[in-house]
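Read off the chains here:
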Amino acid sequence: MAKPTPQKTAPGPAAPVPEAWLKTELARHPQRPYPMDYINALFTDFSEIHGDRQFADDPAMACGMARFHGEPVLVVGNLKGRTLKERMARKFGSPDPEGYRKALRAMKIAEKYGRPIFTFIDLTGANPGLGAEERGQGEAIARNLLEMARIRVPTIATITGEGGSGGALALAVADRVLMLENAIYSVISPEGCASIMWKDASKRQQAAEALRYTATDVKMLGCVDDVIREPEGGTHNDPAFAMELVNERLVSHLSDLTKLSVDDLLAARYNKFRNIAQFYTSAA
């Protein structure tokens, strides 16, 4: 007796891709402008500072004096590189401790001369390599958090792509934290989160949705002060227009900050970070 032929069933509709993952893909787009692109477009007379005066010069971190609309400032940004050779040399944009120490050294120079500080951030996290850990990666990040919290000049941080973990936070303890519309800001990458929570990195889309790290979510939690809109489809579709949008917000926020006394600036910064992401439980 012949066996019945199994009936083929049509595949069901594919699950929709979470919006958070679509934003993640835009934040990681290989043609998206990187921090140094913003520095070159928005600032003039950039003079790079090298070395942390302790170990080495980190190729994944750039910092230097520049002018913003004619006014002297300090700019800091991590470097990713476009080609594979550049990316490998810069550790795909993940700084070593000497990168954070170099940035802090430059910030202290800016503080001495009363120059506002701009940081631009696009990194998945600090370099987790053995050498970085041996040279005090955790201490270098913690030191930046401490010193940026009390530095006596206006500070503005802009997350242009990925703002990952303590590596991003070490450049983002600022009076104003700005975030591009399709950027993400999180304690961990979605792949890392999925590996920990479900032991399966392929569940990254589910993790992205759960982390609530899109600009809308992070703004709602009070972790960023302003979300900068992007050209249709992302900054890579019209980099020049994207630069204009960022420039407009930087000018506005710097104007507000320079009106404050140093004591008021420090008090506002302290209160801002003390009150981030508070949750209350209803008695009902």
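Residues numbered from 1 in each chain as written. Predicted model: local features only at pLDDT ≥ 70, side-chain atom pairs only at ≥ 80, totals over all residues. Heavy atoms only, no water.

Student: Quick question: what am I supposed to make of the overall build of the protein chain here?
Tutor: Summing up its helical and strand segments, the protein chain has twelve helices and eight strands in all. Here the C-alpha radius of gyration of the protein chain, 21 Å, is about what a compact globule of 284 residues would show, namely 19 Å. In terms of its C-alpha atoms, the protein chain occupies a principal-axis envelope of roughly 95 × 55 × 40 Å. Counting across all 284 residues of the protein chain, residues that qualify as buried make up 47%. Long-range pairs, those at least 24 residues apart, make up 71% of the contacts in the protein chain between residues at least 6 apart in sequence. Within the structure as shown, the protein chain displays about 14500 Å² of accessible surface, and the carbon and sulfur contribution to it stands at 55%. Positive and negative side-chain charges in the protein chain, numbering 35 and 35 respectively, have mean positions lying 3 Å apart. (Helix = DSSP H or I, 4+ residues; strand = E, 2+ residues; numbered from the N terminus. Rg over C-alpha atoms; globule rule 2.2 N^0.38 Å. Buried < 20%, exposed > 50% of the residue type's maximum accessible area, 1.4 Å probe, protein only. Contact = heavy atoms within 4.5 Å. Areas by Shrake-Rupley, 256 points an atom, 1.4 Å probe, with all protein chains shown as cover. Lys, Arg positive; Asp, Glu negative; His and termini not counted. Charge placed at Lys NZ, Arg CZ, Asp CG, Glu CD.)

Student: Just to check I follow, could you spell out the pattern of salt bridges for this structure?
Tutor: As a working rule, side chains carrying opposite charge can pair if their charged atoms are close by. In total, this model carries 21 salt bridges according to the counting rule given. Taking the shortest distance from any N to any O, the salt bridge between Arg-82 and Asp-37 comes out at 2.9 Å. Here the residue Arg-82 occupies a position in the loop between β3 (71–78) and α3 (84–89), and Asp-37 occupies one in helix α2 (residues 35–42), the gap between them amounting to 45 residues. Given a relative accessible area of 30%, Asp-37 falls into the partly exposed group. With a shortest N-O distance of 3.9 Å, Glu-147 and Arg-143 are connected by a salt bridge. (Salt bridge = Lys/Arg side-chain N within 4 Å of Asp/Glu carboxyl O.)

Student: Teacher, can you tell me more about the pairing of strand β4 (residues 117–123) here?
Tutor: Looking along a regular strand, one sees side chains alternate from face to face of the sheet. Most of β4 sits out of view: seven of its seven residues are buried. Side chains Ile-117, Thr-119, Ile-121 and Leu-123 of β4 all project onto a buried face; the interleaved residues Phe-118, Phe-120 and Asp-122 project onto the opposite face, where all are buried too. Pairing of β3 with β4, which is carried by four bridges, proceeds in the parallel orientation. Looking across to β4, one finds that Val-76 is bridged to Thr-119. Bridge analysis of β4 against strand β5 (residues 155–164) gives six bridges, and the strand direction is parallel. Note on β5: the bridge partner recorded for Thr-119 is Ala-157. (Pairing = 2+ DSSP bridges.)

Student: What exactly am I supposed to notice about the pairing of strand β2 (residues 61–68) here?
Tutor: Judged by how many residues are buried, β2 sits mostly within the fold: seven of eight residues are covered. In this structure, strand β1 (residues 44–48) lies alongside β2, joined through three bridges in antiparallel fashion. By the bridge assignment for β2, Thr-44 is matched with Arg-67.

Student: It is not clear to me how the environment of Ala-242 should be interpreted in this structure. Could you clarify?
Tutor: With respect to the secondary-structure elements, Ala-242 resides in helix α11 (residues 239–257). For the pair Ala-242 and Leu-180, spaced 62 residues apart in sequence, the C-alpha separation works out to 9.3 Å. What Ala-242 contacts, discounting residues up to four positions off in sequence, is Pro-231 and Thr-235.

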